Structure formats: structure tokens, C-alpha cells
Amino acid sequence: MSRSVEIEFRLNGVVRRAAVRADMSALAMLRDVLGLTGTKYGCGEGECGACTILVDGASLNACLLFAVDCDGREVTTIEGLANDPAAQRLQRAFAEHGAVQCGFCTPGMVLQAGRILARAGQPDRATIQRGLEGNLCRCTGYKKIIDAVEAAAKERAA
Amino acid sequence: MTVIERATLIGKRVPKMDAPEKASGKTRYIHDIDVSGQLWGKILRSARVHARIRRIDTSRAKALPGVHVVLTAADVPDQRPIGVNKDHPALKGDKVRCVRDEIAAVAADTEAIAQAALALIEVEYEDLPVIADPEAALAPGAPVINEKHADNVAMRFDYAHGDVAQGEAESDVVVEDSFKLHYVTHCCMGVSGVIAEFDASGNLLLHSNTQVPFLHKREFAEILGIDPGRIRIVQPPIGGGFGSKLDIYPFEIIAVYLARAARRPVKLVYTREEEFLASPTRQPVILRLRSGCRKDGSLTFRSVETLHDNGAYTSWGATTPFVMMQTFSSLYRVPHCKYHTTVAYTNNPYAGSFRGYGNLQATFAVESHMDKLAEAVGMDPLAFRLRNAQDPGEVTGQGMTFKSCGFKDCLRSAAERSGFLARHAEYRAAQGAGGRVKRGIGIASMLHVGGGACGTILKLDDFAHVTLMTGASEIGQGSETVLAQLVCEELGLPLSAVTVVNNDTDITPWDVGVHASRTTFIAGNSAIGAARKAKAKILAAAAKKTGVPEGELDLVGGFVVRAASGEAIVELAKLLRGLHFSDKAELVMTTHYYEPPSVHQDKGFKGDVSAAYAWATQVVEVEVDLDTGIVKMTKVTGAHDVGRVINRLGIEGQIEGGVVMGQGYALTENLVIEDGRVKNPSFRDYKLVTAPEIPEMDLAFIETMDGEGPQGAKGVGEAPAICIAAATANAICNATGVRIYELPFTPEKVYRALKGVAPKVAWRTRAAA
Ligand code: FES
Ligand code: FES
């Protein structure tokens, strides 16, 4: 076993410390050390997007990020968006547009969709589709997820 | 007078009840649950494909700090084999037969320690010849894979109606081809996992994602030699099912063995790689089809032979012929039909059940031939299909009776919406013209069955809140919401007044599990039955209290009202409280068991197996790049006979998801297995369809209002994936003039076929050769 390293970072708005092994992924830290299970393990190798988190505002696959590399940074998980109006708008749109089935991909989709909307004010469908390319969903066929993101973008503009 | 407006939820776009929970990341899947005192389980799988185990030494693993238990087959001497053929011990002792084989298991304080312990287990193998091809497995003198089946035959099916020789004699045109269908796997986004714990009295609690909790309970009781009453299965929300959780698998039993030995709860969760290696696949099939018709386009006969690669053990994949034969015998009117299957043991991974259950494979072949026959007699593909399509009232050679049947409407609707005929003619005419990208359009249809029985318990509390206890688990498909809608409709309540409990065998009534697109139909009828009994009880009480005759009362918007005027008489909650506190206290709690009016098949596989049959037609449009072989699916038009739409949002989502799963089956997904080894156990190399690649989708619902269905509805869950590959094959042929008989349509395969350098699949059984 490799030795632990003490890191300090801002998680969902709150500064916190954690002792993590040098070889631990941010995903394992969030889930197993800090007990935040909204971030999902789908593949562990950057292929599915179920583990999407925001680090200093950019979306990343937590499974590819070392926990130690969170040191000094600002990390946001799905749990951290509970009071975020933009995220709530998206979550509502996901429910209303039938974008959730088993729901396993959904937290990652919501975070990624939030990034797409933050980057482009009024993304067209193709931009949304490209933005979601790294997030796999086995249930919905993506259409309703794209619909939801589009609707949230429109609602924001209105 | 207060008049209560009647509002219905049926046919509306109703968001799933659990969507907010899931979208906020609060839902706890099996991976997210930890129980106190829990250990982590890990499984050591075989390093060889087919070998004798000479020696296993676990001493170094046992000595690792943090390791509690290491088990091998020697530690569980009287294992009861599992699987459809009861040919599968959870821990393998003297022999391994495929790369999935579990030979040891560890329970340790952490996942990392358990993983480290696996590396310390020493195994000495003696290799045996590998049989990776079902044809080779059937050759005389082939090495035996499963000792109880010396001929390597796991199962055989023979079906016939009519006389195919006579049918052939009456034919003007006969075509014959071989088809080859590949391995794909479910790829549920949530990997497999289980938590097993025993209480101090030896009762077992399993947190499990099984789709068949009650069948599981019985199996576990037999495996452990304990009373089934001492087993409780709790199902946390599931990260995708699609049929994968329909069988009992070694990892679940191993977790129980570990928990029993360690006297601690054990959690065992797969990695994604393990999920690819060790979870079930769709049944691979080699198929030979011979079909004929008359000049007027009427089908004369169909003769089918298939060879199924069973893998090393027998799971549900081996039984897919049950469903396949329905498509061969009854999708179209075929006067003479014969079907023979051999399911052969090999050293490959075994297939399980997967959404569509053999029907994708059968439909692929049948619909390819429908196009070929149409072409041979000079009819367009639509007219040829309409000529042979089933009508309501038809009784097929296999004994199915189609009470409601919107097949012809599906054909017409999908063709019309997509402009099928004009495009088909146009693209065909353009085949010879220049240009790098060719467009094509193809059509295919499907028939699917549903069955089983289901119980419901329904209770109303003194605030008129309903708890619906059903054995029908929610696997993401939205059954919870549909069942709640049906109950609300009967009791005149809003959706928020219903809680559905469907995940605990100590509470829910017996059920055969979620499969065969059955939940809406069967569980829906069961829920309606319970709700109607509750309503009768409530109205009787209200009549007694108010003096208004029962027949003139109804339940609307949370009130007992006069049926004719909608005038509110008494608030439902108040009436219920009155019942609870009267001297003859009465609870409104009802049960209903629904058994559909279907019959079991006889020995010749004949009988009306389903109370209702689902129909669909899908039209697929593609662009084929002649220089690269890349096929792009541009549009799918689907027309589905769903009986009636209960939740439009839910049913669209089911169909869209199925279409894209079908797209993956047709174009991108391929679990490559070579010499028994899985070559691409990761999403990097196993390509799921991604968001930018989906086709435009246009869906139409044909509402045939099935007389037996809940509010007229039929099952739909499996239907949408079934015809996509078949329609794609027809579309590629329409675009290029080249027919491909093997899936998936990868750029390489298509390119070779276009260049005429792909060997055509040619397969014959030994007997026929
Ligand atoms: S778990 Fe990180 S991308 Fe799949
Ligand atoms: S909803 Fe199941 S994986 Fe996306």
C-alpha cells in the first residue's frame, strides 16, 4: 500500500482536508473516503462520463484524476449543485423531458450539460450532442437528454 | 355545490416519479450502499480457457493482513449447480471450462486488500484442447466440455407446422441463405454487485439487483439448504437491466458463501472489465433459412436451422429458440414451417437473456428474406409484406391467437411517415449512378410476446395516501410510474398520492420477475384489479354513510362524488378516517392476483402463449460511404402497436432507447471472442453509440386498445430494439445492391462486402451436408 498524503481543497463550497493514498483517484476519494456517492463509477478509465465532476469550473472525469491533484483546487460534485439555480433548471428539465431512466448516467449528464450551457449561451442541438459525446447512456437513446438540455437553455434565455 | 373536475393521466407525458431523486445524485444504487461491518469480496477467475486444475494454494493469500476468508471449491463440498441445465457450480474445482470460471474468492477489510490477495493465490493448470466453435464441438470425437453432456449438446428444439416439402413444391421462388449473429453485451452503466449478510439467527439478507427476486429466493434456499422463508431480498435501484439480471450468477452465490464463512456482511462489486468478461451476452447464432413464395407474393414455407453457441454453461441464452420460433412461424402467415436448433457447449462465455430474447436474430434473417422474395417476384417490399402480414383474429400455425393486431397499420404508418415507397424506388434507381455516398431505406417488422402472472397489495391510509405493493420491480423502465398512473385513474387521485413499494420480498407479493415486456400488461392489470376492489369497498362505505346508492357514486380528485354531476359529497380522506375510527373499524386494504388468459405451450411448442401480442414496424434510413464502408444511420421511423399509450413520455423513452440499442447491435457493438478469450473488455474497444451518432427518430403509436390490456395497453419494452438490424441490412442493400448476412455492419465488413471480397456466410449442419 502506498502512503497517505494530506490534501486540502474546496469541495462543494466548503474547505476540507483529506488523507488520501498517492495512487487513489479523485473518484475513489469522493465515494469511498468522503462518502459522496452521487459521482458514479462506470468504467474507471475515462470512457463513460458517469464520474463527471467540475474542477475549477471545468468538467473532468474523476476516475482519471488523482485525488492528490485536487489539492488547492475547487471541486464540485452533483451534491454541490443542490442550491444552484442553473443546475436545478437542468434537473427539472431532465425529469420533465423524460431524460432519466435508470438514472445511473444522470448526475454526470447534468454536470456535463451544465458546462455546455455555461460555455455556449444558446447551443444548437449539434453542439449539445458533441458536448455529451463523452457521456454514455444505455437506457434513453440520448434524444430526451438532448431535448432536456435544449429546453433548459431556452428557459434560461426566456 | 362543489363540482370536482375529472382529470386523467392516461396517455399524458408523466415524468418518472423517481427522476428528481436520480437527477440530483441522491439515489443509492448497490455500489453506493455500505453496511456496517462489511467486508469486500473479490473473485479469482481462470487464467486459462479450458484446463484441469492441478493445484490451488491459497496459503499466502490467507496470510495477508486484512484477509478474512479465502474460499475454493474444496471449502464448499456440496455445491448445488445452477443454470438452466443445472450444469454450473459457482466455484469450479477440478476443471475450468471458460475464462469466466470462478476458482477462488476472498473476503477482506478493503477492496484493495482483497485484490492484492487474489494475486497471491497460486494455481497450477493443465491445459485441455479449447473448443471455441460450436460446429467443432459437435464433431464426432470432440473433447467433452461438460461431463454430463458427452455429445456437447446442451439443448435441442424441433418445431413444425404443416409440411415444408409440400410448401416447397407449391413455390415459384425459393431462396436460401446463412446468417451469422455476433456477441454483444448489455453494458448496463451500473456494474453488477451484491451485498450478502446473515443475521444472528442465520437468516440471509441479500441486497441484489436481480430482476427475479422470488425465483432467486427459492434458488438460494436450495443452494444453502435452508428454508426459503429465511431469505429476504431487497433490491436497490438498478443501473440498467435489459435482461441481464434474469439468471442467478456465481458471483452472487460466492458473496453468500463468503458472508457465511466470514460471519460478516460481504459486498462484491464488479469492475467494468469484469463486467465485460463475466456478465452475460446476447446469444450468438448461426442460422440457415430457406423460404419460398408463389408468384402472387404469398409465402409458401419457411425452413430454419440454427446452431447456438451455448458457451461452457447453460443460461437463458440457450432458451432463446422459444422466442425465435415465434417469429419464424407467426410473424407472417406461413402455411408450412419447420425449425430445428442445436445448442452446443463450447469453451466460450455463455449467453443470457437480453432485451428481445432471440428475436433480433430471428427477425434479421426473416426480414432479409422478405426483401429477397419480394424482389424475386417483382413486388415492392411493402406490398409483399402486406400480402403476408397477420390480421386480427388470426390463429397461427403455432397456435397463437391475435385478438388485437395492428400489424398492417404499423406497416402502413411507418411506410407512409417515412415516404418509404418513393425513396426505396429512388435510391434503388441511383445504385448504379456515381457518387461516393449512397442513401438507402429499409423496412422490418416484429412480433413479440409477453407473459407471467403478478400480485398486488394495495392499502389506503387515513390521509387517502395509497401504498401499492407490487412484485414488479422497477429497473429504470418506468413501471413504477405507469402502475401509479393506473391506480390513480381508478381511485381518482393525483400521482403524488401514491407510493410504490416494489423492492422487498418480505413485503411485496409473489411475482415471476421483470422480463418479457410484461410489467405494464401483467402488473398493470394486477394493480387495476386491486384498485377496483378498493374502490368498491370505499363506495359501499360511502353509500352506507350518505344514503346515495353505490351505483351513483364515483371517486374523483380525492372526493367521493355523484357520478352524474361530479358534485362532491365527502372528502375521501375524511371517509377513510371515519372507517378507521368507527366501532367496526375497517381498513381499506386489498389484494389482487392477475393471471393472464394464456395457455402453456404443448410439447410441440404450440399454444396461445401470450394474452396479447405486440407489433411494430421500423423503417431505417442510412448513408453508406462507398470509399470507407462507414454506414451512418440517419433516420428511424417506428410505428408500434402498443395497445394504448399510458405514459407517452415513458413509452417514447423506452422506444428511443431500444432503437439506439438496436443501432449499436447493427453498427458498432461487437464483443470479440477469440479462442474463448474476450478481446475487448472496455468501452474503448467496445463501441457504444454516443450522443452525436443517434438517428433522427419519428415514432407513431398504433392504439389497438387490447381488450385484455390495462386501459387497453400491451407491453413494449423489448420491441424497439428488435427490427433495427434487419431494417438496416435492407437499407444497405437498397443503397448499394449488396446484401450482408453477418452483423455488425462495421466499416471493414461493409467495405469488403462492397468490394466483393467478403466470403459469404455459408453454413450447413453436418446432417444436411
Ligand atoms: S468512470 Fe470515469 S469515465 Fe467512466
Ligand atoms: S438512464 Fe440509464 S444509463 Fe442513462
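Residues numbered from 1 in each chain as written. Chains lettered and ligands numbered in written order. Predicted model: local features only at pLDDT ≥ 70, side-chain atom pairs only at ≥ 80, totals over all residues. Heavy atoms only, no water.

## With respect to helix H12 (residues 407-418) of chain B
All names here are of chain B. Here is the rule we go by: The numbering of helices and of strands both runs from the N terminus, where a helix is a DSSP run of H or I of at least 4 residues and a strand a run of E of at least 2. Multiplying one less than the number of residues by 1.5 Å gives the expected span of a helix. Accessibility here uses a 1.4 Å probe with only protein chains present; expressed as a share of the type maximum, an area under 20% marks a residue as buried, one over 50% as exposed, and anything in between as partly exposed. Residue contacts are counted whenever heavy atoms from the two residues lie within 4.5 Å of one another.
The end-to-end C-alpha distance of H12 is 17 Å, a good match for the 16 Å that 12 residues give at a rise of 1.5 Å each. Residues Phe407, Lys408, Cys410, Leu411, Ser413, Ala414, Ala415 and Ser418 constitute the buried set of H12. The elements touched by buried residues of H12 are helix H11 (381-388), helix H13 (420-429), strand E16 (437-448), strand E24 (614-625), strand E25 (631-641) and strand E28 (696-702). Two residues or fewer after H12 comes Gly419, characterised by a positive phi angle close to 60°.

## A closer look at the interface of chain B and chain A
What counts is decided by this rule: Two parts placed together each lose some accessible area under a 1.4 Å probe, and the buried area is that loss summed for both. Salt bridge, as applied in this entry: a Lys or Arg side-chain nitrogen positioned within 4 Å of an Asp or Glu carboxyl oxygen. N or O atoms closer than or at 3.5 Å make up a polar contact, with two conditions inside protein: a donor-capable atom paired with an acceptor-capable one, and, for residues adjacent in sequence, both atoms drawn from side chains. Put simply, Ala, Val, Leu, Ile, Met, Phe, Trp, Tyr, Cys and Pro go in the nonpolar bin, Asp, Glu, Lys and Arg in the charged bin, and everything else, Gly too, in the polar bin.
Contact residues are listed per partner, giving 49 residues for chain B and 40 residues for chain A. Per-residue buried area on chain B facing chain A is highest for Ala23, Met189 and Ala691 of chain B; these three make up 17% of the total on that side. Residue Arg138 of chain A is joined to Glu669 of chain B by a salt bridge in which the shortest nitrogen-to-oxygen separation is 2.8 Å. At the boundary of chain B and chain A, one finds 20 residue pairs in polar contact (both at pLDDT 80 or more). Every element with two or more residues in the side of chain B that touches chain A is listed here: helix H1 (19-23) and helix H17 (648-668) of chain B. For the side of chain B that touches chain A, the per-class residue count stands at 24 nonpolar, 16 polar and nine charged.

## A word on the nonpolar core
What counts here: We call a set of buried residues a nonpolar core when its members are Ala, Val, Leu, Ile, Met, Phe, Trp, Tyr or Cys and they connect through side-chain atoms within 4.5 Å of each other.
Grouped together as the largest cluster of nonpolar side chains are 162 residues, with contacts concentrated most on Phe94 of chain A together with Leu287, Phe328, Trp615, Phe683 and Phe745 of chain B. With 44 residues, the next largest nonpolar core counts Val466, Leu495, Ala542 and Val588 of chain B among its residues.

## Some remarks on the packing of aromatic side chains
Residues and elements named next belong to chain B. Convention followed: Classification of ring pairs rests on two measures: the distance between centres of Phe, Tyr or Trp rings, Trp counted by its six-membered ring, which must be within 6.5 Å, and the angle between planes, read as stacked under 30 degrees, edge-to-face over 60 and tilted in between. Consider the ring centre and the ring normal. A charge sits over the ring if Lys NZ or Arg CZ is within 6 Å of that centre and within 35 degrees of that normal.
This model, assessed by the stated rule, comprises 16 aromatic pairs over all chains. When the ring of Phe157 is compared with that of Phe605, the centres are 5.6 Å apart and the planes differ by 40°; the resulting orientation is tilted. With a gap of 448 residues between them, Phe157 in strand E7 (residues 153-161) and Phe605 in the loop between strand E23 (588-594) and E24 connect regions that are remote in the sequence. These aromatic residues form a ring-pair network of at least three members: Tyr332, Phe402, Phe407, Tyr613 and Trp615. Cation over ring: Arg282 sits above Tyr665, and NZ or CZ is 5.2 Å from the ring centre. One residue, Lys760, lies across the ring of Tyr741, its end atom 4.5 Å from the ring centre.

## Things to note about the domain arrangement of chain B
All names here are of chain B. Just so we agree on the cut-off: Residue ranges assigned to each domain were obtained from an automatic or database domain assignment.
Split into domains, chain B comes out as domain 1 (37-128 + 208-213 + 234-238 + 245-271), domain 2 (285-390 + 404-450 + 601-754) and domain 3 (452-594). For domain 1 and domain 2, the distance between their C-alpha centres works out to 38 Å. At the interface, 20 residues of domain 1 touch 16 residues of domain 2. At the boundary of domain 1 with domain 2, total buried surface from both sides reaches about 1,600 Å², with 53% on carbon and sulfur atoms. Of all residues in domain 1, Val49, Val84 and Arg100 give up the largest surface area on contact with domain 2, accounting jointly for 31% of the area buried on that side. Summed over the shared surface of domain 1 and domain 2, the number is zero salt bridges. Between domain 1 and domain 2 we count 13 residue pairs in polar contact (both at pLDDT 80 or more) in total. Along the lines of polarity and charge, the residues of the side of domain 1 that touches domain 2 split into nine nonpolar, four polar and seven charged.

## What to know about the sheet that holds strand E14 (residues 299-311) of chain B
All names here are of chain B. Defined as follows: Any two strands with at least two DSSP-identified bridges between them are counted as paired. Working convention: axes come from line fits to C-alpha atoms, limited for helices to the stretch in contact. Angles between N-to-C directions cover 0 to 180 degrees.
Strand order across the open sheet formed by five strands is E7-E15-E14-E13-E8, with mixed pairing between neighbours. At either end of the open sheet lies a strand with only one pairing partner, and these are E7 and strand E8 (173-181). Pairwise comparison of adjacent strand axes, ignoring direction, gives a mean angle of 5° for this sheet. With nine bridges joining them, strand E13 (residues 285-293) and E14 adopt antiparallel strand pairing. In the sheet register, Val285 faces E14, and the bridge partner there is His308. Each of E7, E13, E14 and strand E15 (336-345) touches helix H9 (residues 321-330); the most contacted strand, E15, lies at about 155° to it.

## What about a nonpolar patch on the surface?
Residue and element names in this part refer to chain B. The test is simple: Here a patch means residues that are over 30% exposed by relative accessible area and free of salt bridges, tied together within 9 Å if like-charged and within 5 Å if nonpolar (Val, Leu, Ile, Met, Phe, Trp, Tyr). Per-residue and other accessible areas follow the Shrake-Rupley method at a 1.4 Å probe size, with only the shown protein chains counted as cover for residues.
On the surface, Leu215, Trp510 and Tyr593 cluster together into a nonpolar patch covering about 300 Å² of accessible area. Following the sequence through the fold, Tyr593 ends up in strand E23. Judged by its relative accessible area of 42%, Tyr593 falls in the partly exposed class.

## Focus: unusual backbone geometry
Look at the link from Leu743 of chain B to Pro744 of chain B: it is a cis peptide, with omega at -10°. The residue Pro744 of chain B is located in the loop between helix H19 (724-736) and helix H20 (747-755) in this model. Its identity as a non-glycine residue notwithstanding, Asn12 of chain A has a phi of 50°, on the positive side. Tracing the chain through its elements places Asn12 of chain A in the loop between strand E1 (4-11) and strand E2 (14-21). Despite not being glycine, Asp56 of chain A has its phi angle at roughly 50°, a positive value. Within the fold, Asp56 of chain A resides in the loop between strand E3 (52-55) and strand E4 (58-61).

## With respect to the packing of helix H2 (residues 85-96) of chain A against helix H5 (residues 143-157) of chain A
Residues and elements named next belong to chain A. Heads up, the rule is: Angle categories are assigned with fixed cut-offs, so that under 35 degrees is roughly parallel, over 145 is roughly antiparallel, 65 to 115 is roughly perpendicular, and the rest are oblique. Left-handed describes a crossing whose near helix is turned anticlockwise from the far helix through less than a right angle; right-handed describes the clockwise counterpart.
Running from N to C, H2 and H5 point in directions that differ by 135°, and their axes come no closer than 8 Å. It follows that H2 is oblique to H5 by the angle criterion. Between H2 and H5 lies a crossing of right-handed hand. Along the contact surface, H2 presents Arg89, Leu90, Arg92, Ala93 and Phe94, while H5 presents Ile145, Ala148, Val149, Ala152, Glu155 and Arg156. Among the residues forming the contact of H2 with H5, the class breakdown is seven nonpolar, no polar and four charged.

## As for the sheet that holds strand E21 (residues 559-562) of chain B
Residue and element names in this part refer to chain B. Here three strands make up an open sheet; going across it, the order is E20-E21-E22 and the pairing antiparallel. Edge positions in the open sheet fall to strand E20 (553-556) and strand E22 (568-571), since each of these has one partner strand only. Put simply, the sheet's adjacent strands are angled 30° from each other on average, direction ignored. Bridge analysis of E20 against E21 gives four bridges, and the strand direction is antiparallel. Bridging across to E21, Leu553 finds its partner in Arg562. Where helix H16 (residues 572-581) meets the sheet, it contacts E20, E21 and E22, and its direction lies at approximately 55° from that of E22.

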